[in-house]
Each structure stands twice: as C-alpha cells, then as structure tokens.
Amino acid sequence: MFVILKASSIAFAVGLICLIIPIVHILTGPLAPAIGGFVGAGTIRSRKTQAPLIGLLVGIFWATIVLLFYLFRSFYPNLFSLLGYSIIIPLIAVFLWASILGTVGAIIASNKEK
C-alpha cells in the first residue's frame, strides 16, 4: 500500500509541476494527471491491477486542492470569487478528471513494462 501511495504522490507532484511551468502549462495542464500517473506508476513499475488505485488517489489529491480553495474562499471571499457558491460540481469534475486521466496514465505505464 505504501508503494501505491508513493506512486500517487509522485504523480500528483508531477501534475502540479505540469501546471506551474509558464507557457508549457497550456499544453500539459489538461493532461497533467495522465502525465503524472504515467511517471508515478513508472517509478514503482506498477501492475495493471494497481492502476485504478493510483488513479483514485491522484483524484483525491486533486480534489483536496479544490477543497483548500473553498476553505481559503471562506476567509477571503473576494480573492476566489470566480469559484461561485457551489462546491459539489467543481469537486466532482476535478475528481473525475484527475482520477480517470491518472488511471489511464498508470495503465499506459504498466503496459510499457511488458
């Protein structure tokens, strides 16, 4: 289990790096969880059976970022006014986006080893 958590943490960190780099983030931003899932699963040489769990944890990590934005919004309402008042729709959208692409990236990495 620790190995899967390590792969998910690496995948999340790589995804954040894909979003932080200026100009490049236009191309790598939408695919950040897939790139991260590929790198994270490749570092532990995961099997196909571990890929959905890696993707699920990547989705949870990304959803935590959305929850943190809403927490900051409660303290600074004008700073994140573009988020709106509904938390469930962005939370579900980010979770599904990150978990599906993270799983796809992990599956591609597990196929690469064969």
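The notes below deal with the structure included here. (Residues numbered from 1 in each chain as written. Predicted model: local features only at pLDDT ≥ 70, side-chain atom pairs only at ≥ 80, totals over all residues. Heavy atoms only, no water.)

What the chain contains, in helices and strands, is five helices and zero strands. Since a compact globule built from 114 residues should have a radius of gyration of about 13 Å, the 15 Å found for the chain is in line with a globular shape. By the burial criterion, 37% of the 114 residues in the chain qualify as buried. Across the chain, contacts joining residues at least 24 apart in sequence account for 74% of those joining residues at least 6 apart. (Helix = DSSP H or I, 4+ residues; strand = E, 2+ residues; numbered from the N terminus. Rg over C-alpha atoms; globule rule 2.2 N^0.38 Å. Buried < 20%, exposed > 50% of the residue type's maximum accessible area, 1.4 Å probe, protein only. Contact = heavy atoms within 4.5 Å.)

Summed over all chains, the structure comprises three aromatic pairs. Ring geometry for Phe12 versus Trp62: centroids 5.3 Å apart, planes at 75°, classification edge-to-face. In this pair, Phe12 sits in helix H1 (residues 2–20) while Trp62 sits in helix H4 (residues 51–75), placing the two residues 50 residues apart along the sequence. Just as Phe12 is buried, Trp62 falls in that class too. (Phe/Tyr/Trp six-rings, centres within 6.5 Å; stacked < 30°, edge-to-face > 60°.)

All right, on to the packing of H1 against H4 then. Each packed pair of helices is defined by two parameters, the angle between the axes and the distance between the axes. Relative to each other, H1 and H4 sit at 50°, their axes nearing to 9 Å. Relative to H4, the element H1 is oriented oblique. Seen from above, H1 lies across H4 with right-handed handedness. Seen from H1, the contacting residues are Ile4, Leu5, Ala7, Ser8, Ser9, Ala11, Phe12, Gly15, Leu16 and Leu19; seen from H4, they are Leu53, Ile54, Leu57, Val58, Phe61, Trp62 and Ile65. Class assignment for the residues of the contact of H1 with H4 results in 14 nonpolar, three polar and no charged. (Axes fitted to C-alpha atoms, helices over the stretch in contact; angles between N-to-C directions. Parallel < 35°, antiparallel > 145°, perpendicular 65-115°, else oblique. Left-handed = near helix turned anticlockwise from the far one by under 90°. Nonpolar A, V, L, I, M, F, W, Y, C, P; charged D, E, K, R; others polar.)

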